[in-house]
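# Residue-level structure breakdown
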Amino acid sequence: MGIVEYIEKQRNALGERICKIRIVRGYNTQKEFSIVYSGSSLKTTFISQLEKGKNTKFDTIVRLIIKLKVSPVSLFDFNNKFPITKYAWSISEEALSQKLLKILAKRIKDIRKEKGLVQVDVELDSLVGDGKISRYELCLEKPEFDTISRIAYGLNVEIWELFWDGEKEKENKKQKK
């Protein structure tokens, strides 16, 4: 599968996952979730677009994680490897955004090094612009969902693996038992 088809597949998988988690959380309509997401039912079209596979900004991903009360691993677990568990975030959207950006940066760098790749290798394999991997690894830029998909493709990993905070995830599993 080429990168264009891969990104399209990942967009659709994210849309389906958002819909599934929305329903699991008891929001049976997009309108109900729209009110929780934005405080207004006027954003129903936006929720519909997300569920249909629209490209998504990083801050939108963060807001979805908070409003759906899930971990990023759960949001991006398109193959249902992990249960959808409730995850209560006690930090602001901006703080969570910075935290997830740092996790993403560290995971890109760690996976890249584990595979013996340099930044330019990942840029070429993922068709990400010149110097972008460095910017993401240094938390200087927030990638959109399509770019995160490209990086996962270039590193040959699933998207959730880019947000896997191993120690924190193990802690959460212990607490939920």
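Description of the structure in this document.

Thresholds applied
Residues numbered from 1 in each chain as written. Predicted model: local features only at pLDDT ≥ 70, side-chain atom pairs only at ≥ 80, totals over all residues. Heavy atoms only, no water. 1 Å grid on protein atoms, 1.4 Å probe; cavity = no way out; pocket = protein on both sides within 12 Å on 5 of 7 lines; lining within 4 Å. Points joined across faces, edges and corners; volume = space filled by probe spheres on them. Helix = DSSP H or I, 4+ residues; strand = E, 2+ residues; numbered from the N terminus. Nonpolar A, V, L, I, M, F, W, Y, C, P; charged D, E, K, R; others polar. Contact = heavy atoms within 4.5 Å. Polar contact = N/O pair within 3.5 Å; in protein donor to acceptor, adjacent residues only side chain to side chain. Salt bridge = Lys/Arg side-chain N within 4 Å of Asp/Glu carboxyl O. Buried < 20%, exposed > 50% of the residue type's maximum accessible area, 1.4 Å probe, protein only. Phe/Tyr/Trp six-rings, centres within 6.5 Å; stacked < 30°, edge-to-face > 60°. Lys NZ or Arg CZ within 6 Å of the ring centre and 35° of its normal.

### As for the layout of surface pockets
Estimates place the volume of the largest pocket at around 320 Å³. Along the wall of the largest pocket there are 18 residues; nearest its centre are Gln10, Ala13, Phe78, Asn79 and Glu158. Secondary-structure elements contributing two or more residues to the lining of the largest pocket are α1 (3-24) and α9 (145-155). Split into classes, the residues belonging to the lining of the largest pocket amount to eight nonpolar, four polar and six charged.

### With respect to the environment of Arg11
Its location among the elements puts Arg11 in helix α1. For the pair formed by Arg11 and Leu50, sequence separation is 39 residues and the distance between their alpha carbons is 8.6 Å. Those residues in contact with Arg11 that lie beyond four places of it in its chain are Gly53, Lys54, Asn55, Phe145 and Asp146. A distance of 2.5 Å separates a polar atom in the side chain of Arg11 from a polar atom in the side chain of Asp146.

### Comments concerning the pattern of salt bridges
In the structure shown here, the tally under the stated rule is 10 salt bridges. Measuring nitrogen to oxygen at the nearest pair gives 2.6 Å for the salt bridge that ties Asp110 to Lys106. Here Asp110 pairs with Lys106, and both are found in helix α6 (residues 93-114), just four residues apart, close to one helical turn. Using a relative accessible area of 51% as the deciding quantity, one classes Lys106 as exposed.

### Some details on the packing of aromatic side chains
Each aromatic ring pair is summarised here by two numbers: the centre-to-centre distance and the angle between the ring planes. In this structure the tally under the stated criterion is 11 aromatic pairs. Seen from their ring centres, Phe76 and Phe78 are 6.3 Å apart, and the 85° between their planes marks the pair as edge-to-face. A relative accessible area of 1% places Phe76 in the buried class. Given the relative accessible area of 18%, Phe78 is considered buried. A network of ring pairs unites the aromatic residues Tyr27, Phe33, Tyr37 and Phe46 as a single cluster. Positioned over the ring face of Tyr37 is Arg63, at 5.1 Å from the centre of the ring.

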